[in-house]
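One-letter residues, chain by chain:
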Amino acid sequence: MDSKTKFRRLSLGSALAIVATALAAIPPAAATAADEVVLGALRFTSHGAGFVAAEKGYFKAEGLNVKFKFFQAAQPIAVATAGGDVDFGVTGVTGGLMNLAEKNAIRIVGGVLHEKKGVDGMIVLASNQAHAKGLKTIDDMPGHSVSMTQVGSTFHYMTSRIAEAKGWNMKDIKMVPLQKVGSMVAAIKSGQTDIMIMVPHIAKALAGAGAAKQIGKLNDYVEYQISTMITSVRNIRNKPEKVRRFIRAYSRGIADMNRVMLSPDADRAEREALTKIIHKYVYVNRPYEKAAPAIQKGAMYLNEGAALNKTDIAKQMKWFKDSKLVDSDLTIDQLVDGSFVRTY
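This structure is a prediction, so every number in the text was calculated from the model and none was measured.

Caption draft 1: Focus on the pairing of strand E1 (residues 35–41). Two elements, E1 and strand E2 (residues 64–70), share seven bridges in a ladder whose sense is parallel. Across the sheet, the residue bridging to Glu36 is Asn65, located in E2. Of the pairings in the sheet, the one linking E1 to strand E3 (residues 88–92) comprises two bridges and is parallel in character. Opposite Leu39, over in E3, you have Phe88 as the bridge partner.

Caption draft 2: View of the environment of Leu308. With respect to the helices and strands, Leu308 occurs in the loop between helix H14 (288–297) and helix H15 (310–322). Judged by its relative accessible area of 1%, Leu308 is buried. Separated by 197 residues in sequence, Leu308 and Gly111 place their C-alpha atoms 4.2 Å apart. Non-local contacts of Leu308, meaning those with residues more than four positions away in its chain, are made with Ile108, Gly110, Gly111, Gln225, Thr228, Asn303, Ile313, Val336, Val341, Arg342, Thr343 and Tyr344.

Caption draft 3: Geometry of helix H9 (residues 181–190). What H9 keeps buried is the set Val181, Met184, Val185, Ala187 and Ile188. The arc that holds every buried residue of H9, seen down its axis, measures 160°, which confines them to one face.

Caption draft 4: Just the sheet that holds strand E4 (residues 106–111), in detail. Strand order in the open sheet formed by five strands is E2-E1-E3-E10-E4, with mixed pairing between adjacent strands. Only two strands of the sheet have a single partner each, and these edge strands are E2 and E4. For this sheet the average axis-to-axis angle between neighbouring strands, irrespective of direction, equals 30°. The strands touched by helix H12 (residues 240–261) within the sheet are E1, E2, E3, E4 and strand E10 (227–232), with E1 carrying the most contacts at an inclination of about 55°.

Caption draft 5: Quick look at the nonpolar core. In this structure, Phe246 and Tyr250 are the most contacted members of the largest nonpolar core, which totals 110 residues. Per-element tally for this core: the top contributor is H12, with nine residues. Discounting chain neighbours no more than four positions away, the residues touching Tyr250 are Leu39, His47, Ala49, Gly50, Ala53, Phe59, Val90, Val112 and Met229.

Caption draft 6: Fine view of the environment of Gly118. Mapped onto the elements of the fold, Gly118 is located in the loop between E4 and strand E5 (123–127). Gly118 sits in the exposed class, given a relative accessible area of 85%. C-alpha separation for the pair Gly118 and Tyr301, spaced 183 residues apart in sequence, amounts to 9.6 Å.

Caption draft 7: Molecular detail of H14. Of all the positions in H14, only Tyr288, Ala291, Ala292, Ala294 and Ile295 are classed as buried. Buried residues along H14 sit in contact with helix H10 (200–208), H12 and helix H13 (268–279).

Caption draft 8: Focus on the packing of aromatic side chains. All chains considered together, the criterion is met by 13 aromatic pairs. Ring centres of Phe51 and Phe68 lie 5.3 Å apart, and the angle between their planes is 70°; this geometry places the pair in the edge-to-face category. Taken as a pair, Phe51 in helix H3 (residues 48–55) and Phe68 in strand E2 lie far apart in primary sequence, 17 residues in all. Each member of the pair, Phe51 together with Phe68, is buried. Both rings, one in Phe88 and one in Phe246, keep their centres 3.9 Å apart while their planes meet at 0°; by these two values the pair is stacked. Placement of Phe88 in strand E3 and of Phe246 in helix H12 is noted, with a sequence separation of 158 residues between them. What makes Phe88 buried here is its relative accessible area of 0%. In textbook terms, an aromatic cluster arises when at least three aromatic residues are bridged by ring pairs, as seen for Phe51, Phe68, Phe70 and Tyr281.

About the thresholds
- Residue numbers restart at each chain and count upward from 1, following the sequence in its written direction.
- Per-residue local features are limited, in this predicted model, to residues with pLDDT of at least 70; the limit for side-chain atom pairs, both in listing and counting, is 80 or more; totals at the level of whole chains, interfaces and linings are taken over all residues.
- For side-chain calculations, the full set of non-hydrogen atoms in the structure is used, while hydrogens and water are omitted.
- Pairing between two strands is assigned when DSSP locates at least 2 bridges connecting them.
- Starting at the N terminus, helices and strands are each numbered in turn, a helix being any DSSP run of H or I of at least four residues and a strand any DSSP run of E of at least two.
- Here the term buried applies to any residue with accessible area under 20% of the maximum for its type, exposed to any over 50%, and partly exposed to those in between, with areas from a 1.4 Å probe on protein chains only.
- Note on contacts: a residue pair qualifies if any of its non-hydrogen atoms lie within 4.5 Å across the two residues.
- Directions drawn from the helix axis to the C-beta atoms are what define this arc.
- Between N-to-C directions, angles span 0 to 180 degrees; the directions come from axes that are lines fitted to C-alpha atoms, helices contributing only their stretch in contact.
- Within this scheme, the nonpolar core is defined by two criteria: the residues are buried Ala, Val, Leu, Ile, Met, Phe, Trp, Tyr or Cys, and they are joined through side-chain atoms within 4.5 Å.
- For this analysis, a ring pair means two rings from Phe, Tyr or Trp (six-membered ring only for Trp) whose centres lie within 6.5 Å, classed as stacked if their planes differ by under 30 degrees, edge-to-face if by over 60, and tilted for the remaining angles.

Structure (structure tokens):
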């Protein structure tokens, strides 16, 4: 080997050694810094997939550091997502959400909660006072008042779907906007309103405590896409891979929730572990022993892989348009970006 060749090999080896030393000196946190994400949610069992994904490290595995911001109703989550206060939201399809989509601020990118026959879903409750006066079944709803958060909320839409199935006129039902879920619960307990449609972990607890009476189930009359995953148009355009990573991690939480919380044959220890995770976010002011039964009974069907029932979303959009709650120019492609999950 001549001296020049030997020198070149020594120089190359020295250079590689210097690069390796420099890379090793980079702190691990700097090399693997996670993307910060704020997720808007409700303290509901039906939002449990996000809690599971956070606590079991599914978000972390996708390079995401997720923090939660909690709300009292669905529509404010859409507003917060549009304004950038949260990066993603899990929320019902509301008139407010649709109007923000029409302004090209947000899009639905996945499905979360879906009514499904054979699985516990939204429950219709009557106040004790109204029940004592004859409000015994769904057929007795006309002429009574129904709680909702806001005009154009999911509660408004669900009531309309029951009315449609029964052939009633919505003018025969008095819709009462109370802004927050907590206010809806207080109203049904006090008899301020006659009827409330509510998620099972709250509805079953109220009925079990004798604070209200169960008179029906929503999925006896309709199966529909209740809640969805939303993000801003900015995220979709500028950070599509971040959106994909978020959906992948959330979908793992969905798979765990459906497999463990909905199956009677699921491992008891695993169900207990998931219940403890959810309790960190739901019924946080109750002792675990009292909260656990309500959390477990409140599990609902979540869309596997965050798949989205786009057909039903289009049906919801038509109702909002027909009710003059949404701009008539809104299109389904403005409302939904179907490029991230399976749609049907």
